[in-house]
Amino acid sequence: MADADNTEAKNYAADVPMRSEPFFLKGSNNLDWGMKNRLAAIFNPSSGRTVMLAFDHGYFLGPTSGLERVDLNIVPLIQYADTLMLTRGILRTSIPPTYTRGIVLRASGGPSILKELSNEEIAVSIDEAIRLNVAAMAVQVFVGGEHETRSVHNMTRLVDMGNRHGIATLAVTAVGTEMVRDAKYMRLATRMCAELGATYVKTYYVDEGFETVTAACPVPIVIAGGKKLPEAEALQLAHNAVQQGAAGVDMGRNIFQSDAPVAMIQAVRGVVHKNLSPKEAYDLYLTLKDGDEHPADS
Ligand code: R5P
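Residues numbered from 1 in each chain as written. Predicted model: local features only at pLDDT ≥ 70, side-chain atom pairs only at ≥ 80, totals over all residues.

Around the ligand there are 13 residues in total, and Ala54, Ala224, Gly225, Gly252 and Arg253 lie nearest to it. Those elements that provide at least two residues to the shell around the ligand are strand E10 (248–251) and helix H10 (253–256). Grouping the amino acids of the shell around the ligand by side-chain chemistry returns five nonpolar, five polar and three charged. (Near = placed C-beta within 6 Å. Helix = DSSP H or I, 4+ residues; strand = E, 2+ residues; numbered from the N terminus. Nonpolar A, V, L, I, M, F, W, Y, C, P; charged D, E, K, R; others polar.)

Turning to unusual backbone geometry, a few remarks are in order. One non-glycine residue, Asn133, lies in the positive phi region at around 60°. Within the element layout of this structure, Asn133 appears in the loop between helix H5 (126–131) and strand E6 (136–141). A positive phi angle, close to 55°, is found at Asn275, a residue other than glycine. The exposure class assigned to Asn275 is partly exposed, which follows from the 14 C-beta atoms found within 10 Å. (Buried ≥ 20, exposed ≤ 12 C-beta atoms within 10 Å, placed from the backbone.)

Right, let's get into the pairing of strand E7 (residues 168–173). Of all six residues in E7, six are buried, a share of seventy percent or more. Residue alternation in E7 divides its side chains into two sets, Ala168, Leu170 and Val172 and Thr169, Ala171 and Thr173, and both sets are buried. In this structure, E6 lies alongside E7, joined through six bridges in parallel fashion. In the sheet register, Ala136 faces E7, and the bridge partner there is Ala168. What joins E6 to E7 is helix H6 (residues 148–165), and the crossover it makes is right-handed. (Pairing = 2+ DSSP bridges. Right-handed = clockwise from strand over helix to strand, strands pointing away.)

Counting through the fold element by element, Leu288 comes out in helix H12 (residues 278–289). Looking at Leu288, the number of C-beta atoms within 10 Å reads 17, which means it is partly exposed. Through-space distance from the C-alpha of Leu288 to that of Met251 is 19 Å; in sequence the pair is 37 residues apart. Setting aside residues no more than four positions away along its own chain, Leu288 makes contact with Ala263 and Gln266. (Contact = placed C-beta atoms within 7 Å.)

Formed by 87 residues in total, the largest nonpolar core has its most connected members in Leu53, Val104, Met137 and Val268. For this core, the leading source of residues is helix H11 (residues 261–274), giving eight residues. With sequence-adjacent residues up to four places away left out, Val104 is seen in contact with Ile42, Met52, Thr83, Leu84, Met85, Val134, Ala135, Ala136, Ala138 and Leu170. (Core = buried A, V, L, I, M, F, W, Y, C linked by C-beta atoms within 7 Å.)

What follows concerns helix H7 (residues 183–195). Given a rise of 1.5 Å per residue, 13 residues ought to cover 18 Å, and the 18 Å separating the end C-alpha atoms of H7 matches this to within 8%. Listing the buried residues of H7 in full gives Met186, Arg187, Ala189, Thr190, Cys193 and Ala194. Residues of H7 that are buried in the fold lie against E6, H6, E7, strand E8 (200–203), helix H8 (210–216) and strand E9 (221–224). Following H7 by one or two positions, Gly197 has its phi on the positive side, about 115°. (Expected span 1.5 Å × (residues − 1).)

The eight strands lie next to each other as E1-E2-E3-E6-E7-E8-E9-E10, forming a closed barrel whose pairing is parallel. Neighbour to neighbour, the strand axes of the sheet diverge by 25° on average, direction disregarded. Across two bridges, E9 lies against E10 in parallel orientation. Looking at the pairing, Ala224 lines up with Asp250 of E10. Packing against the sheet, H6 makes contact with E6 and E7, and its axis sits at approximately 165° to E6. (Axes fitted to C-alpha atoms, helices over the stretch in contact; angles between N-to-C directions.)

Turning our eyes to something else, we now look at the pairing of strand E1 (residues 50–54). In terms of burial, E1 is a largely internal element, five of the five residues being buried. Strand direction decides the pairing type here: E1 and E10, joined by four bridges, are parallel. Bridging across to E10, Met52 finds its partner in Asp250. In the sheet, E1 pairs with strand E2 (residues 83–86) via three bridges, with the strands oriented parallel. Looking at the pairing, Leu53 lines up with Leu84 of E2.

The terminal C-alpha atoms of H11, which comprises 14 residues, lie 19 Å apart, in line with the 20 Å expected from a rise of 1.5 Å per residue. Counting buried positions along H11 yields 12 of 14 residues, so the element is predominantly enclosed. All of the buried residues in H11 are Pro261, Val262, Ala263, Met264, Ile265, Gln266, Ala267, Val268, Arg269, Gly270, Val271 and Val272. Residues of H11 that are buried sit in contact with E1, helix H9 (231–243), E10, H10 and H12.

Written out as C-alpha coordinates, the structure is:
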(Lines give C-alpha, C1' and ligand atoms only; values in the text may rest on other atoms or scores of the structure.)
Protein backbone atom coordinates (compact mmCIF):
# COMPACT_ATOMS: atom_id res chain seq x y z
CA MET A 1 0.00 0.00 0.00
CA ALA A 2 1.32 3.45 -0.92
CA ASP A 3 2.30 5.89 1.82
CA ALA A 4 -0.68 8.11 2.58
CA ASP A 5 1.53 10.77 4.09
CA ASN A 6 4.66 11.86 2.21
CA THR A 7 5.26 15.05 4.11
CA GLU A 8 8.65 13.68 5.16
CA ALA A 9 9.91 13.71 1.54
CA LYS A 10 12.58 16.38 1.41
CA ASN A 11 15.18 15.41 -1.17
CA TYR A 12 14.17 18.06 -3.69
CA ALA A 13 17.64 19.43 -4.47
CA ALA A 14 15.93 22.78 -4.92
CA ASP A 15 19.23 24.50 -5.65
CA VAL A 16 20.09 22.13 -8.57
CA PRO A 17 18.62 23.18 -11.95
CA MET A 18 16.77 20.36 -13.70
CA ARG A 19 18.95 18.63 -16.26
CA SER A 20 18.06 19.27 -19.86
CA GLU A 21 20.62 17.58 -22.08
CA PRO A 22 20.67 18.46 -25.78
CA PHE A 23 19.91 15.47 -28.01
CA PHE A 24 23.07 14.07 -29.55
CA LEU A 25 22.01 14.19 -33.20
CA LYS A 26 22.47 17.17 -35.47
CA GLY A 27 19.26 19.07 -36.14
CA SER A 28 17.14 16.78 -33.97
CA ASN A 29 16.84 18.76 -30.76
CA ASN A 30 13.32 19.98 -31.39
CA LEU A 31 11.86 16.59 -32.26
CA ASP A 32 9.46 14.82 -29.93
CA TRP A 33 10.45 12.13 -27.43
CA GLY A 34 9.20 9.20 -29.50
CA MET A 35 11.08 10.31 -32.58
CA LYS A 36 14.27 10.83 -30.57
CA ASN A 37 13.86 7.42 -28.97
CA ARG A 38 13.57 5.83 -32.41
CA LEU A 39 16.59 7.78 -33.69
CA ALA A 40 18.57 6.46 -30.72
CA ALA A 41 17.73 2.97 -32.04
CA ILE A 42 19.33 3.90 -35.37
CA PHE A 43 22.30 6.03 -34.26
CA ASN A 44 24.55 4.94 -31.43
CA PRO A 45 24.20 7.63 -28.73
CA SER A 46 27.83 7.11 -27.63
CA SER A 47 29.46 7.83 -30.99
CA GLY A 48 26.55 9.73 -32.56
CA ARG A 49 26.98 7.54 -35.64
CA THR A 50 25.44 4.47 -37.23
CA VAL A 51 26.35 1.42 -39.25
CA MET A 52 23.16 0.74 -41.17
CA LEU A 53 23.20 -2.64 -42.86
CA ALA A 54 21.35 -2.11 -46.16
CA PHE A 55 19.82 -5.09 -47.94
CA ASP A 56 16.69 -3.63 -49.51
CA HIS A 57 18.12 -3.93 -53.04
CA GLY A 58 15.67 -6.68 -53.98
CA TYR A 59 12.79 -4.19 -54.09
CA PHE A 60 13.83 -3.32 -57.64
CA LEU A 61 16.74 -5.70 -58.39
CA GLY A 62 15.37 -9.06 -57.25
CA PRO A 63 17.80 -11.57 -55.70
CA THR A 64 21.02 -9.76 -56.47
CA SER A 65 24.45 -11.17 -55.66
CA GLY A 66 24.84 -11.73 -51.92
CA LEU A 67 21.10 -11.50 -51.28
CA GLU A 68 20.04 -14.81 -52.81
CA ARG A 69 19.44 -16.20 -49.30
CA VAL A 70 18.88 -13.51 -46.68
CA ASP A 71 18.39 -16.15 -43.98
CA LEU A 72 21.85 -17.58 -44.63
CA ASN A 73 23.86 -14.55 -45.73
CA ILE A 74 22.38 -11.61 -43.85
CA VAL A 75 20.95 -12.89 -40.58
CA PRO A 76 24.45 -13.76 -39.24
CA LEU A 77 25.43 -10.10 -39.78
CA ILE A 78 22.56 -8.36 -38.04
CA GLN A 79 24.06 -8.58 -34.56
CA TYR A 80 26.86 -6.27 -35.77
CA ALA A 81 24.57 -3.62 -37.28
CA ASP A 82 23.18 -0.58 -35.50
CA THR A 83 20.09 -0.77 -37.65
CA LEU A 84 18.73 -2.68 -40.65
CA MET A 85 17.47 -1.15 -43.89
CA LEU A 86 15.12 -3.55 -45.63
CA THR A 87 11.70 -4.18 -47.14
CA ARG A 88 8.67 -5.35 -45.21
CA GLY A 89 8.67 -8.62 -47.13
CA ILE A 90 12.16 -9.54 -45.98
CA LEU A 91 11.48 -8.22 -42.47
CA ARG A 92 8.44 -10.46 -42.01
CA THR A 93 9.84 -13.55 -43.68
CA SER A 94 13.48 -13.57 -42.70
CA ILE A 95 14.39 -11.38 -39.72
CA PRO A 96 13.86 -12.74 -36.20
CA PRO A 97 11.44 -10.50 -34.26
CA THR A 98 13.88 -10.73 -31.35
CA TYR A 99 16.00 -8.13 -33.16
CA THR A 100 15.74 -5.07 -30.92
CA ARG A 101 17.61 -2.31 -32.73
CA GLY A 102 15.93 0.10 -35.13
CA ILE A 103 14.32 -0.97 -38.37
CA VAL A 104 14.53 1.38 -41.37
CA LEU A 105 11.77 0.29 -43.70
CA ARG A 106 11.94 0.73 -47.46
CA ALA A 107 8.77 2.74 -48.05
CA SER A 108 8.91 3.58 -51.77
CA GLY A 109 8.96 1.40 -54.84
CA GLY A 110 7.24 0.38 -58.03
CA PRO A 111 9.52 0.18 -61.06
CA SER A 112 12.02 -2.63 -61.52
CA ILE A 113 15.51 -2.32 -62.92
CA LEU A 114 13.86 -2.98 -66.31
CA LYS A 115 12.01 0.37 -66.21
CA GLU A 116 12.50 4.08 -65.43
CA LEU A 117 13.58 3.87 -61.80
CA SER A 118 12.53 7.37 -60.76
CA ASN A 119 8.87 6.51 -61.32
CA GLU A 120 8.35 5.38 -57.72
CA GLU A 121 5.34 5.67 -55.42
CA ILE A 122 4.90 5.31 -51.70
CA ALA A 123 4.80 1.55 -51.12
CA VAL A 124 3.69 1.21 -47.51
CA SER A 125 0.97 2.65 -45.27
CA ILE A 126 1.67 4.31 -41.98
CA ASP A 127 -0.47 1.66 -40.24
CA GLU A 128 1.86 -1.01 -41.57
CA ALA A 129 4.95 0.93 -40.48
CA ILE A 130 3.55 1.26 -36.97
CA ARG A 131 2.51 -2.42 -36.92
CA LEU A 132 6.08 -3.38 -37.83
CA ASN A 133 7.43 -1.11 -35.09
CA VAL A 134 9.84 0.65 -37.43
CA ALA A 135 12.14 3.49 -36.43
CA ALA A 136 12.25 5.15 -39.86
CA MET A 137 10.84 4.95 -43.36
CA ALA A 138 13.18 5.31 -46.34
CA VAL A 139 12.16 6.95 -49.58
CA GLN A 140 14.05 7.52 -52.84
CA VAL A 141 14.29 11.16 -53.95
CA PHE A 142 15.34 11.72 -57.57
CA VAL A 143 16.51 15.32 -57.71
CA GLY A 144 16.92 16.19 -61.37
CA GLY A 145 15.26 12.95 -62.43
CA GLU A 146 12.34 12.56 -64.79
CA HIS A 147 9.91 12.15 -61.89
CA GLU A 148 11.60 14.60 -59.53
CA THR A 149 8.45 16.30 -58.26
CA ARG A 150 6.62 13.05 -57.63
CA SER A 151 9.53 11.60 -55.66
CA VAL A 152 9.84 14.78 -53.58
CA HIS A 153 6.10 14.62 -52.96
CA ASN A 154 6.44 10.96 -51.89
CA MET A 155 8.99 12.14 -49.35
CA THR A 156 6.93 15.03 -47.99
CA ARG A 157 3.89 12.76 -47.59
CA LEU A 158 5.96 10.25 -45.65
CA VAL A 159 7.39 13.07 -43.53
CA ASP A 160 3.85 14.20 -42.69
CA MET A 161 2.73 10.66 -41.87
CA GLY A 162 5.88 9.84 -39.94
CA ASN A 163 5.94 13.04 -37.92
CA ARG A 164 2.35 12.40 -36.84
CA HIS A 165 3.48 9.14 -35.24
CA GLY A 166 7.08 9.88 -34.25
CA ILE A 167 8.61 7.80 -37.04
CA ALA A 168 11.67 9.25 -38.80
CA THR A 169 11.99 9.68 -42.56
CA LEU A 170 15.22 8.84 -44.35
CA ALA A 171 15.51 10.59 -47.71
CA VAL A 172 17.66 8.57 -50.07
CA THR A 173 19.17 10.81 -52.74
CA ALA A 174 19.18 8.66 -55.85
CA VAL A 175 21.59 9.90 -58.45
CA GLY A 176 20.59 9.04 -62.02
CA THR A 177 23.28 8.02 -64.49
CA GLU A 178 22.75 11.32 -66.33
CA MET A 179 23.66 13.35 -63.18
CA VAL A 180 27.15 14.52 -62.28
CA ARG A 181 28.10 13.04 -58.92
CA ASP A 182 29.83 16.07 -57.47
CA ALA A 183 29.57 18.14 -54.30
CA LYS A 184 27.42 20.76 -55.99
CA TYR A 185 24.77 18.19 -56.89
CA MET A 186 24.97 16.49 -53.48
CA ARG A 187 24.60 19.84 -51.68
CA LEU A 188 21.47 20.57 -53.72
CA ALA A 189 19.89 17.15 -53.23
CA THR A 190 20.65 16.74 -49.53
CA ARG A 191 19.70 20.31 -48.62
CA MET A 192 16.41 20.03 -50.51
CA CYS A 193 15.54 16.86 -48.60
CA ALA A 194 16.37 18.45 -45.24
CA GLU A 195 14.48 21.65 -46.02
CA LEU A 196 11.41 19.65 -47.03
CA GLY A 197 11.42 17.74 -43.76
CA ALA A 198 13.60 14.62 -43.95
CA THR A 199 14.83 13.55 -40.52
CA TYR A 200 18.09 12.38 -42.05
CA VAL A 201 19.51 11.92 -45.52
CA LYS A 202 21.47 9.28 -47.36
CA THR A 203 23.78 10.31 -50.15
CA TYR A 204 27.00 9.30 -51.85
CA TYR A 205 30.49 10.30 -50.84
CA VAL A 206 32.33 12.54 -53.29
CA ASP A 207 36.10 13.00 -53.29
CA GLU A 208 36.08 16.77 -53.69
CA GLY A 209 34.26 18.91 -51.15
CA PHE A 210 32.21 16.33 -49.28
CA GLU A 211 32.69 18.38 -46.09
CA THR A 212 30.66 21.17 -47.74
CA VAL A 213 27.81 18.71 -48.30
CA THR A 214 27.66 17.72 -44.63
CA ALA A 215 28.18 21.31 -43.45
CA ALA A 216 25.30 22.65 -45.54
CA CYS A 217 22.85 19.94 -44.51
CA PRO A 218 21.14 20.68 -41.17
CA VAL A 219 20.28 17.02 -40.47
CA PRO A 220 22.55 13.96 -40.28
CA ILE A 221 23.95 12.49 -43.48
CA VAL A 222 24.85 8.84 -43.96
CA ILE A 223 26.61 7.57 -47.06
CA ALA A 224 25.70 4.63 -49.26
CA GLY A 225 28.50 2.19 -49.84
CA GLY A 226 27.77 1.87 -53.55
CA LYS A 227 29.24 -0.75 -55.86
CA LYS A 228 31.51 -3.41 -54.40
CA LEU A 229 35.07 -2.19 -53.94
CA PRO A 230 38.14 -3.99 -52.63
CA GLU A 231 37.74 -4.05 -48.83
CA ALA A 232 40.62 -1.63 -48.17
CA GLU A 233 39.04 0.94 -50.51
CA ALA A 234 35.60 0.57 -48.95
CA LEU A 235 37.08 1.16 -45.50
CA GLN A 236 38.91 4.22 -46.80
CA LEU A 237 35.62 5.53 -48.23
CA ALA A 238 33.83 5.07 -44.91
CA HIS A 239 36.72 6.71 -43.07
CA ASN A 240 36.77 9.73 -45.39
CA ALA A 241 33.02 10.17 -45.07
CA VAL A 242 32.82 10.12 -41.26
CA GLN A 243 35.92 12.26 -40.90
CA GLN A 244 34.25 14.82 -43.18
CA GLY A 245 31.06 14.99 -41.19
CA ALA A 246 28.93 11.97 -42.12
CA ALA A 247 27.01 10.42 -39.23
CA GLY A 248 27.73 6.94 -40.50
CA VAL A 249 27.19 4.59 -43.37
CA ASP A 250 24.26 2.82 -44.96
CA MET A 251 26.29 0.01 -46.46
CA GLY A 252 25.13 -3.02 -48.33
CA ARG A 253 27.15 -4.53 -51.17
CA ASN A 254 30.53 -3.68 -49.67
CA ILE A 255 29.53 -5.79 -46.68
CA PHE A 256 27.35 -8.62 -47.97
CA GLN A 257 29.38 -9.11 -51.17
CA SER A 258 32.66 -9.10 -49.26
CA ASP A 259 34.76 -12.27 -49.14
CA ALA A 260 34.27 -12.15 -45.38
CA PRO A 261 31.09 -10.23 -44.49
CA VAL A 262 31.25 -10.77 -40.72
CA ALA A 263 34.82 -9.48 -40.65
CA MET A 264 33.98 -6.59 -42.96
CA ILE A 265 31.05 -5.27 -40.97
CA GLN A 266 33.16 -5.30 -37.82
CA ALA A 267 35.94 -3.41 -39.58
CA VAL A 268 33.40 -0.85 -40.79
CA ARG A 269 32.18 -0.50 -37.20
CA GLY A 270 35.75 0.25 -36.14
CA VAL A 271 35.97 3.08 -38.65
CA VAL A 272 32.55 4.52 -37.82
CA HIS A 273 32.42 4.16 -34.05
CA LYS A 274 36.09 4.10 -33.01
CA ASN A 275 37.66 6.36 -35.64
CA LEU A 276 40.03 3.58 -36.71
CA SER A 277 42.32 4.59 -39.55
CA PRO A 278 41.74 2.78 -42.85
CA LYS A 279 44.90 0.75 -42.22
CA GLU A 280 43.88 -0.21 -38.68
CA ALA A 281 40.47 -1.21 -39.95
CA TYR A 282 41.87 -3.24 -42.82
CA ASP A 283 44.25 -5.03 -40.43
CA LEU A 284 41.23 -5.80 -38.24
CA TYR A 285 39.41 -7.13 -41.30
CA LEU A 286 42.32 -9.42 -42.18
CA THR A 287 42.57 -10.67 -38.60
CA LEU A 288 38.86 -11.43 -38.38
CA LYS A 289 38.70 -12.83 -41.92
CA ASP A 290 40.09 -16.20 -40.87
CA GLY A 291 37.11 -18.32 -40.06
CA ASP A 292 34.61 -16.01 -41.78
CA GLU A 293 32.96 -17.45 -44.87
CA HIS A 294 29.71 -17.08 -46.74
CA PRO A 295 27.26 -19.45 -44.99
CA ALA A 296 25.61 -20.13 -48.34
CA ASP A 297 28.97 -21.34 -49.71
CA SER A 298 29.44 -23.97 -47.02
C1 R5P B 1 19.52 0.92 -52.99
O2 R5P B 1 19.23 0.01 -53.67
C3 R5P B 1 19.32 0.85 -51.59
O4 R5P B 1 18.70 1.99 -51.07
C5 R5P B 1 20.53 0.52 -50.77
O6 R5P B 1 20.06 0.42 -49.47
C7 R5P B 1 21.65 1.53 -50.79
O8 R5P B 1 22.05 1.81 -52.08
C9 R5P B 1 22.84 1.11 -49.92
O10 R5P B 1 23.39 -0.03 -50.40
P11 R5P B 1 24.83 -0.09 -51.09
O12 R5P B 1 25.82 0.17 -50.01
O13 R5P B 1 24.92 -1.46 -51.65
O14 R5P B 1 24.88 0.99 -52.12
